[in-house]
Each structure stands twice: as structure tokens, then as C-alpha cells.
Amino acid sequence: MEKNAVWVDACGLDGDPDLQFLLKGGNLIKVKSRSWRKTRFFRLNDDCKTMWQQTSKTFKRDSGCKCLFLAKKQKYISSVNIQSLNQTKSWIYSCMRKADKNSDNKMTLKELKHFLRQINIEVSDSYAEMLFQKCDTSMSGTLEGSEIKLFYDLLTYRKEVDMIYAKYAHTNGQMSSGDLLNFLQYEQREPVSLEYVQNLIEKYEVDETAKQNKYMSKDGFLMYLNHEECSIFNPAHKGIYQDMRQPLNHYFISSSHNTYLMGDQLKGASSTEAYIKALTKSCRCVELDCWDGANGEPVIYHGHTLTSKVLFKDVIKALKEYAFKTSQYPVILSLENHCSVEQQKIMAYHLTSILGSALLTHPLGDQMPNTFPGPEELKGRFLIKGKRLNKLDAAFNNNTTEDVDSVSEEDEAAEVKEAEQKPKDKSSKKIKLAKELSDLVIYCKSVHFSTFEHSRDNHSFYEMASFKESKAMNLAENSATAFIHHNMDKLSRIYPAGSRTDSSNYNPVPLWNSGCQIVALNFQTPCKEMDLNQARFLPNGKCGYILKPEFQRDPASQFDPKNLSVGPWLQKKTLHLTIISAQQLPKINKDKQTSIVDPLVRVEIYGVPADNASKQTHHIDNNGFNPTWNTNFQFTVHVPELALVRFVVEDYDAASHNDLVGLYTLPFTSMQNGYRHVPLLTKRGSLIPSAGLFVHIMALDAE
């Protein structure tokens, strides 16, 4: 028997047609352009998590964008959901095969110890020997066949799941439909029907007899616990569920700063790839710093630095192709214009010719609006943010503005120059603006901010200011209520301080608390701030738009995040949270075979100042496979609609800083009560296969 077959059989994956198809592999077509297409062979690696590509060339970075399309078997990417495979079995199966050093389809005691280190668990020699002897029923000195299956069952046994199952399995030791209904209604706080329960049994029960009797066995229950219905993230929030017809300024909008950069602000590469990456992360406002380029073609880069340059037209082409693949809702192009009039006209030409009808060039409707349209009305459209020579009313009055006139610089550009100038040289510089580019600015006209009173009395709804980080934080700290009311009528954009040359980020939460919509971050930098940003935009279909709470949209509201008074925002909750266990945490130091993690879990709350909190478990020595804490936490959350909950798993180190193992962040209002599985992500936001936390959550109204 082939080695693959032996280990697949031992782990219970034999006969799985989807897995067999993936392991066998198939042809895909690599597409670089309309004319460049090559066939490539791909198959699932033995680890059942990564893909292998057949190639005759050494790897080099491809500057172009790659898309893979199925050549023959559409099933490869559409019908087969790799996550639906039993990832625990897949992962352990892979590690067992690697531990079988001599490929004899048997496991010696030495190989068992090696295997345990591979799956991130350190045990004493005596425990390893005890486990081995317990499974070696044939007393042959090796484990094979059914003995490996017994070893697998002992290894993956979860006492905490057994206890939960036993508590509710009141029908001949199994969960009947009624038992499962009780569990879901009482423990999980889900108002579901018996029909829903029976559908769950049909979906997850692995035993046909139990399924026919409408029972859920322990294996079926474990399967359910590891799938979407039992995730900490509420599946009802996975798709678009919010009202998308409110005015545009009533939403938080996922926004990127200096989107073109792949790295730092001084010498990093500029690339269309950076825009594509941001768009795939649901970003809906991207930035374009535009400068005169060679041969009459404008370029995008961070001016007066060593960052590389990318053609403006190439960026617009990439935006046209990728803007609406992740989300159909509008994309704002924030222009920082440093170009000559001649190249501004080229910019306008590229925008109109490449984007075509997707580019909004006139207000919606046949008369001057007094508020923004909603994301739903603007689906599939590009909005230009930039300077405009006149008021928007001119779009309805035979726009007769001069072809060229002077306007002040963008605030962010002026700030950079101000930092470079001597104090006596400081002045507001004017730039020439071409009418062709000016006319493309409809709902997002850039203006300078003076005071909230000045904006209220002098600026129309479509005239918006950009605030540097320090100015915005100061307003959020000292004038939050006024800031919130300003944002009820207008859009506000926040950008990082010029001193953040390393592309680090500021905390976006205080700005969201103040109702700011376009809180621009450096998307290329993995950090806590980007975790919070991705969590804010995790619900509502990851569409890049989140409807602000009503108390940030109601003109009668007096909400102040710093000084909480009685009002609709005050929905005080007590969060009871138990960190029960973790499963299959990845090894941090993969180069060192004996390196085993000592995990701890920290839970952080971010929201209004009164809600900010952090608590952590003790660490578990030498166990990344199935550590158990059973640690209880209690948090008080005053404004749940603005709160985010962050789970961080770290490898404890007494001598230096802890290393990150994995993390997951989500809005407080998107958490489900009850026993829940928490997936874990890398610092760059990629899912860690098989790894996760098991927790119990109960958010109750506070007294």
C-alpha cells in the first residue's frame, strides 16, 4: 500500500473524493494579459494546506498581476471548499507522515517523540512511553494500522467538548434534536427552530444511523463546533446586512494612505500591486500623489523622496480592473495634485477614457443636491476627491469657469512643505488647476479647515477637509461632540503624521469615536492599528462601508465619547469571557525542531476611553497542541456599538518580549454568545489553518 494511503486511512480521510482530487492535482491557466496564457500544473501538498506548482524556472518576483483560471476542472476552485475538509485530520496526517523517517508505514517510539515535537507539544519521556505502550496493543514495538488510529483518537481527545456534550446528551447518551435545540437556545442564546436543528444534524452528523434518527453524535457535535455556525463571528453579519442608502458621510469608509507604497515613505517601491492589495482588503478610498513625469505622462510617487515611480495611467488601469472585485460599493480616488496644467489634462484624459461610465462626472439627479447619495446609489462608481475651481452648483449652470485658475495646495502637501521651510518662508502656496481635472470633482471637494463654526457657515456638504493626525487627535480629545456634529454633515479625512517615515500607523479608534469617516492608514504595515481597521470593516460583507451608530448620525445627539452621559449610546454590557483552550498553535521557531511554544492569551477591548481594557491568562509550558486555561475574565462595556474585541496569542518568554502566535479581532456587536471557536490569523491577516481558541462568551445587560 502506498504511504499516502496508509496515513490517510489511519486518519479517517480515506475515500474522501475532494481530498483525493486535490492530492492528484490538475491544470490551471496562468494569465498575465489577454495574449499571454500558459498552462501550469498544481496539486495539494502532503501537508494538505499548501499548493505545489510544477515549474522549470527558479522563482523570481513578478512585477505584473497574476490571475489563475481553471482550465479543465471547475470543481478545483468552485465546488471544493478546502476549509470544509477536516483540517485537524489533514494537519496531523501530514505530521505523522513526516515523523515516519524510514517510510515503513509504522511508528516507533522515537518517531512518536519526533511527531509530538512537530505538532508543538513537549512531553516527558515517561508520558511518551506510556502513550506508546497503551496504543501498542500487538506489543510489536511499533504502531501500525488500527494502533495508529487509536493513537490519533487519544491525541485528539478533547475533555472540554466531552463535558459539554454529556451535559446536553440526554437521549441514550446522544443528543436528540430536542437536546441540541436546548443547547442552542440556552447555552448559545440562539432563537432557532427545531427545523434549523435538524438541518444542522443533516449538515454535520457523520454517522448515518444517528442522522436517520435525527440525533447528533459526539463526532457530529465536534464537527459543528469547528464550523461557521459556531464561530465567534456572527454569520448573520457575514453578508451585507446594513442599510446602504444612507448619505455617504453616515458610514465609516475603509481608507488607505499613500496607497502606492509597498514599504516605507522614503525609499519604498511604488507599485500597482499595492493598490490591488488594498482593494482586496476592502479599501474604498485610495490615495494618488501625482507628479509630472517623462514623455508627458504623469507619475505617482512620494515626492522629494527616493521612492520609485509608477505611471498614473497604469494605476488607473489597475483600479478599473480590481476596484469592484471585493466590493461593489464606490471607490474614492484621493488626488494629491502636484502636476503642471498640461499633465493635469493628461490625468483627466486617463481618468475619463479608462474609467469610462464608472467615473462619476456629474451629481446624481437633475438638480443641485443638498446631501450625499448613498453607497447603494453609487455602486460601481469612482469618485474623485481633489481641488475644484468653483462650487458644485456650476455643474447645473453652464459651467463657465476659466480653463485654468489658481487654488491652494492640498493640506497634506502643504504640511510636508511647511516642515521643510524656514518659519519666515511659510505661506499658503497656490497651484494652477486645469478645468478638465476640476470638473471631475463632484462630491469630494477638498477645502482647508479653520474651525467647526467656519465650516458650518461657509462650506457646503460636499466640501471636505483633510486633518493631519495630531490635529484630528486634538479635536477628538477636546471637541469630540463638535467633531461628531461636523461629520454628520460633511466628510473628514485623517492622514498619518509626516514623521511616520517607517509607514507606522496611529490608533484609528478615537477618530471613529468622533465620527470621522475616512481614517487613512498605511495598509502595507502589519500592526495592531491595521488589525483594528480590518476588524471594524469585517462585518457587512467586508464591503468597506460600515454604517455609523445612530447617535453619530442624529443631529439631536449630544454623545461625547470621553464624558459619557445617559443617552442611546449607553447600552452597558457585562462581558463574561472564559478562555477554555487552544488547538494546534503553530511553532514560532520552525528552524529549531525542539522549539515548543509556551502560549498565553490576552484579550483587549478598544472603544470609548471608559471601555479600553486588557487582561491575560497565565502561560502554559511546552504545549502548543492543546493547551487548556479555563480562565475567566469579566469586562464592562459602556458603548458596545463602538467597541472592538481583540484576542492575541503569544509565546511567553521570560528573558525577552513575547512572540506573536496568532490573533483575531472583531466588533463587540458581531460576537456570538455561548461556546465559540476563535480562528487565528498571522500578523499580516492570513488564516492559520487548524489553529484556534475555544472560548465561552456571555454578554449580558449590566445592572
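Residues numbered from 1 in each chain as written. Predicted model: local features only at pLDDT ≥ 70, side-chain atom pairs only at ≥ 80, totals over all residues. Heavy atoms only, no water.

1. Some points on the overall build of the chain
So, step 1. Within the chain one finds 21 helices and 27 strands.
So, step 2. Here the chain holds 703 residues, and 54% of them are scored as buried.
So, step 3. In the chain, the proportion of contacts linking residues at least 24 apart, taken out of those at least 6 apart, comes to 69%.
So, step 4. Total accessible area on the chain is roughly 31,700 Å²; 48% of this is exposed by carbon and sulfur atoms. (Helix = DSSP H or I, 4+ residues; strand = E, 2+ residues; numbered from the N terminus. Buried < 20%, exposed > 50% of the residue type's maximum accessible area, 1.4 Å probe, protein only. Contact = heavy atoms within 4.5 Å. Areas by Shrake-Rupley, 256 points an atom, 1.4 Å probe, with all protein chains shown as cover.)

2. Points about the environment of Leu532
So, step 1. Summarising the element assignment, Leu532 is placed in helix α21 (residues 528-536).
So, step 2. A relative accessible area of 1% means that Leu532 is categorised as buried.
So, step 3. Sequence separation of Leu532 and Tyr664 is 132 residues, and the distance between their C-alpha atoms is 9.6 Å.
So, step 4. Beyond its immediate stretch of four places on either side in the chain, Leu532 contacts Asn507, Pro508, Val509, Trp512, Tyr606, Leu644 and Thr665.

3. What to know about helix α5 (residues 125-135)
So, step 1. If you check which residues of α5 are buried, you get Ala128, Leu131, Phe132 and Cys135. On an axial view of α5, the arc spanned by its buried residues comes to 100°, and they lie on one face. Residues of α5 that are exposed and point more than 90 degrees away from the buried face comprise Ser126, Gln133 and Lys134.
So, step 2. Contacts from the buried residues of α5 go to α4 (109-118) and α6 (146-155). (Arc of directions from axis to C-beta.)

4. Some words on the packing of aromatic side chains
So, step 1. Tallied over the full model, the rule gives 24 aromatic pairs.
So, step 2. When the ring of Phe221 is compared with that of Tyr224, the centres are 6.1 Å apart and the planes differ by 35°; the resulting orientation is tilted. Separated by three residues within a single helix, Phe221 and Tyr224 lie in helix α11 (residues 218-225), roughly one turn from each other. The two residues Phe221 and Tyr224 agree in class, both being buried. (Phe/Tyr/Trp six-rings, centres within 6.5 Å; stacked < 30°, edge-to-face > 60°.)

Geometry only, nothing functional implied.
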